[in-house]
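Survey of secondary and tertiary structure
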Amino acid sequence: MENLIESKIREKLVAAIEKAIEDGSLKLESIPDIYLEIPNNPENGDYATSLSLKLAKTLRMPPMKIAGIIVEHLEEPNSLFDKIVMAPPGFINFFLRERAVSAVIKQVLAEGDRYGSSMQGSGKKVNVEFVSSNPTGPLTIGHGRQATIGDVLSNALSFCGYEVTREYYYNDAGKQMNMLAQSVHARYQQLYDSAYPFPDEGYKGDYIRDAAVDVREQEGDKFAGKNDPETLDFFRRFAVREMIALIDRDLKNYGVRFDVWSLESSLYSEGKVEQAIELLRKHGHIYEKDGAVWFRSSALGDEKDRVIVRSNGEKTYFAGDIAYHMNKHERGFDWAIDIWGADHHGYVPRMKAVIKALGYPDDFLECIVHQMVSFMRDGQEIKMSTRQGQFVTLDELVREVGLAVTRFFFLMRSADSHLVFDLDLAKKESNENPVYYIQYAHARISSIVKHASEKGIDLGNLAGADLSLLTEPEEIDLMKYLSRFPSVVEAAAEKREVHRIPNFILEAVGLFHAYYNKSRVVSEDEPLTLARLALVEALRLVVRNALGLLGIEAPERM
RNA sequence: GCGCCAGUAGCUCAAUUGGAUAGAGCAACGGCCUUCUAAGCCGUAGGCUGAGGGUUCGAUUCCCCCCUGGCGCGCCA
């Protein structure tokens, strides 16, 4: 489950500090947070703590002296550590014994596909809302980044013991839907009269023509030449339904699953929007000016007040979102995560203001903002515009470079960084492409295991292998690295930094490839063969678990 | 003008709640396939972390101020 080595070191440090407090050598009120880190330079140990440096100020003692006291009070250091040394200006460095390191293999083999999971989240209910596009066309690669981050963050949170609900919110109300209706309507009319005018602001993509053809197939020419409100209403409902089906299909093909689909329109039909406005009004956050209804968000951290009901009586998108977040809270979530593109980041303060106005804890809502994606093909940047019909759809992208590559590229970089998606690189099936590098490692290990089994080696008892035979530096490094996986998953979930997972896998399989080229796993030395098989099998499980969190397949052969 | 994000090797990016000597991949150059998959490995080279101040034992990381790029700043969504 957790990183056993790390938690043992923490326990020992806590015990040592407790003892030191008891006998008066450290004058502390309580146990401080235990900072543990992995030094860059192995000469500084496998783990290190700068605890004494942090405590120096409050204790008013020299850090080296504090380090000395802590080390003196550590119990049975020899069971886990080779040595513990103090280093100026006050670090305590821990060097693990090889036996302590190899324990991770047994842990991985025993826990299998649960290795790396934890109960950190202790069942807290979290709602993760992502993608949430207008149903006006297929998903673009801009949505793709968000879909991937949201999907993988949800996976990581679940793996860490949170109860996650993945949610998609359709903005199926408002002006955009009328424009969509008019666009499909115009394309439909053009099937009968090629001179029929197309609206200037209409959606120009081919999928609009497809929808028009679908109308003709299902309804024939009964709307030909008609432009009355009932006709347009039919086209609106038809088009929304068709677009939602399109998006559902895209998400399914992309391997993203949702638990709940919320419709903006049903918040209206169920009166939720009115209720939300009334609640805000009751608490004095609402006023009227110039015939419109305003939310006083400037009093709660936003830069200005926001209109929620326009002077023509129509509610704004924001009004729906207020009701929606109230709804999330009413459904009993402990917290809600919204994932948005950078073009919506200005929305964060007003949404936070809503949370405050409704009287929810400030941290009920967490907004994750990811930077934009640009798309390069043949060295040329492609501008995306749904209305111009010049977008690159997620579906096209997946078809072109494959699911694994698409997902991996979207995940590789921190959400804060702008992403340049280079199609030419993504299409290369070579070592330039990190996805193949990883999958190749998995296939290689699978091949080793197969080879061993064909040689008649009993793979049923890998857990019983004599792991003390694993003494090569590459083997030790690999084992140490595997033990870090649970911490990486936890960091990915807790810091909402999913790119840590791809980085971890790349590093891990890099160690493996080097090891593979230097040492043979299957040899005439049977005990050593078993030990090495246990090692690579553990690695294979970790790679598979990690790829699983990313929604990427781990192939047996390539 | 105001706000959010970014600025690290030629290019694309990492860097463990502030840690010790800032790391990978690509591109360049030189090596490794009668042995479990060469979609691989090993080696060489590459840096004033955009500039300047500050905080402290210690700053790529935090604060201030500039510069550059992206994105916002609607009774649109």
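Because the structure is a prediction, the values reported are computed rather than measured. Residue numbers run consecutively from 1 along every chain, following the written order of its sequence. Lettering for chains starts from A, numbering for ligands starts from 1, and both go in the order in which the items are written. Per-residue local features of the predicted model are confined to residues with pLDDT of at least 70, and side-chain atom pairs are confined, for both listing and counting, to 80 or more; whole-chain, interface and lining totals are unaffected and use all residues. Heavy atoms throughout the structure, all of them, feed into the side-chain values; hydrogens and water do not.

1. Points about the packing of helix α16 (residues 434-454) against helix α19 (residues 500-518)
At their nearest, the axes of α16 and α19 sit 10 Å apart, and the two run at 50° to each other. Viewed along their axes, α16 and α19 adopt a mutual orientation that is oblique. α19 is crossed by α16, and the crossing has left-handed handedness. When α16 is examined against α19, the residues P434, Y437, I438, Y440, A441, R444, I445 and I448 are found in contact with a partner set consisting of I505, L506, V509, G510, F512, H513, Y516 and N517. The angle between two axes is taken between their N-to-C directions and runs from 0 to 180 degrees, where each axis is a line fitted to C-alpha atoms and a helix contributes only its stretch in contact. By definition, any uninterrupted DSSP run of H or I lasting at least four residues is a helix, any uninterrupted run of E lasting at least two residues is a strand, and each is numbered from the N terminus. These descriptions rest on fixed angle ranges, namely under 35 degrees for roughly parallel, over 145 for roughly antiparallel, 65 to 115 for roughly perpendicular, and the rest for oblique. Each helix crossing is assigned a hand: it is left-handed if the near helix lies turned anticlockwise from the far helix by less than a right angle, otherwise right-handed if that turn is clockwise. Contacts between residues were defined by any pair of non-hydrogen atoms, one from each residue, lying within 4.5 Å.

2. With respect to the pairing of strand β8 (residues 292-295)
In this scheme, a residue with accessible area under 20% of its type's maximum is buried, one over 50% is exposed, and one in between is partly exposed, where area comes from a 1.4 Å probe on protein chains only. Residues of β8 alternate between two faces, with A292 and W294 on one and V293 and F295 on the opposite face, all of them buried. At least two DSSP bridges between two strands are needed for those strands to be called paired. For β8 and strand β9 (residues 306-309), the ladder comprises three bridges, and the chain directions are antiparallel. Counted as the bridge partner of V293 is V309 from β9.

3. Notes on empty space enclosed by the protein
Space inside and on the surface of the protein is sampled on a 1 Å grid over the protein atoms alone, with a cavity defined as a set of points where a 1.4 Å probe fits but cannot get out and a pocket as an open set with protein on both sides within 12 Å along at least 5 of 7 lines; lining residues have an atom within 4 Å of a point. Grid points are joined across faces, edges and corners, and a volume is the space filled by probe spheres set on the points. A complete count under the given rule lists one cavity of 30 Å³ or more for this structure. Taken as a whole, the largest cavity encloses approximately 70 Å³ of empty space. The wall of the largest cavity is formed by I149, L153, I368, F410, L411, R413, S414, A415, R496, E497, V498 and H499. Put simply, the parts of the chain that give the lining of the largest cavity at least two residues each are α5 (141-159) and α14 (403-412). Ten residue types, Ala, Val, Leu, Ile, Met, Phe, Trp, Tyr, Cys and Pro, are classed as nonpolar, four, Asp, Glu, Lys and Arg, as charged, and the remainder, Gly among them, as polar. Of the residues belonging to the lining of the largest cavity, the class tally is seven nonpolar, two polar and three charged.

4. Let's talk about helix α8 (residues 229-253)
Residues three or four positions apart in an α-helix share a direction because the helix packs 3.6 residues into each turn. Compared with an ideal rise of 1.5 Å per residue, which puts 25 residues at 36 Å, α8 spans 36 Å between its outermost C-alpha atoms and is within 8% of the ideal. Positioned one or two residues after α8, G255 has a phi angle of 75°, which is positive. Take the residue count of a helix, subtract one, and multiply by 1.5 Å to get its expected span.

5. Things to note about the domain arrangement of chain A
For the domains described, the bounds stem from an automatic or database domain assignment. The domain architecture assigned to chain A consists of domain 1 (4-96), domain 2 (175-253) and domain 3 (431-550). If you average the C-alpha positions of domain 2 and of domain 3, the two centres end up 53 Å apart.

6. Notes on the sheet that holds strand β2 (residues 81-87)
On the basis of which strands lie adjacent, the open sheet formed by three strands has the order β1-β3-β2 and antiparallel pairing. The sheet is open, and its two edges are formed by β1 (47-49) and β2, each paired on a single side. Averaged over all adjacent pairs, the angle separating strand axes in this sheet is 20°, with direction ignored. Bridge analysis of β1 against strand β3 (residues 91-96) gives three bridges, and the strand direction is antiparallel. Counterpart to T49 in the pairing with β3 is I92.

7. What about the pairing of strand β7 (residues 286-289)?
Pairing of β7 with β8, which is carried by four bridges, proceeds in the antiparallel orientation. Looking at β8, one finds that I286 is bridged to F295. The loop that links β7 with its antiparallel partner β8 comprises two residues; one of these, D290, has a positive phi angle of about 55°.

8. Here we look at the layout of surface pockets
To locate leftover empty space, one rolls a probe as large as a water molecule over the atoms. Put simply, the second largest pocket is a space of about 650 Å³. Lining the second largest pocket are 24 residues; nearest its centre among them are E6, S487, V488, E490 and A491. Elements with a contribution of two residues or more to the lining of the second largest pocket: α1 (4-22), α18 (485-494) and α19. Ranked by residue count, the leading element in the lining of the second largest pocket is α18, at six residues. Counted by class, the lining of the second largest pocket contains eight nonpolar, seven polar and nine charged residues.

9. Observations concerning the packing of α5 against helix α20 (residues 526-550)
The contact between α5 and α20 brings their axes to 7 Å, and the two run at 130°. Taken together, α5 and α20 sit at an angle that is classed as oblique. Contacts between α5 and α20 involve V152, N155, A156 and F159 on the former and, on the latter, G548, L549 and L550. Of the residues assigned to the contact of α5 with α20, the class counts are five nonpolar, two polar and no charged.

10. Focus: the environment of F91
Assignment of secondary structure puts F91 in strand β3. In this structure, the C-alpha to C-alpha distance between F91 and P63, residues 28 residues apart in sequence, is 8.2 Å. When near neighbours in sequence (up to four residues on either side) are disregarded, F91 contacts T49, S50, L53, V85 and M86.

11. A closer look at the sheet that holds strand β10 (residues 335-341)
The strand order across the open sheet built from five strands is β6-β5-β4-β10-β11, with neighbouring strands paired in parallel fashion. The sheet is open, and its two edges are formed by β6 (260-263) and β11 (365-370), each paired on a single side. On average, each strand axis in the sheet is tilted by 25° relative to the strand beside it, whichever way the strands run. Here strand β4 (residues 125-129) pairs with strand β5 (residues 163-170) via five bridges, running parallel. Bridging from a neighbouring strand, V126 pairs with V164 of β5. In the packing of helix α12 (residues 348-357) onto the sheet, contacts are made with β10 and β11, and the angle to β11 comes to roughly 170°.

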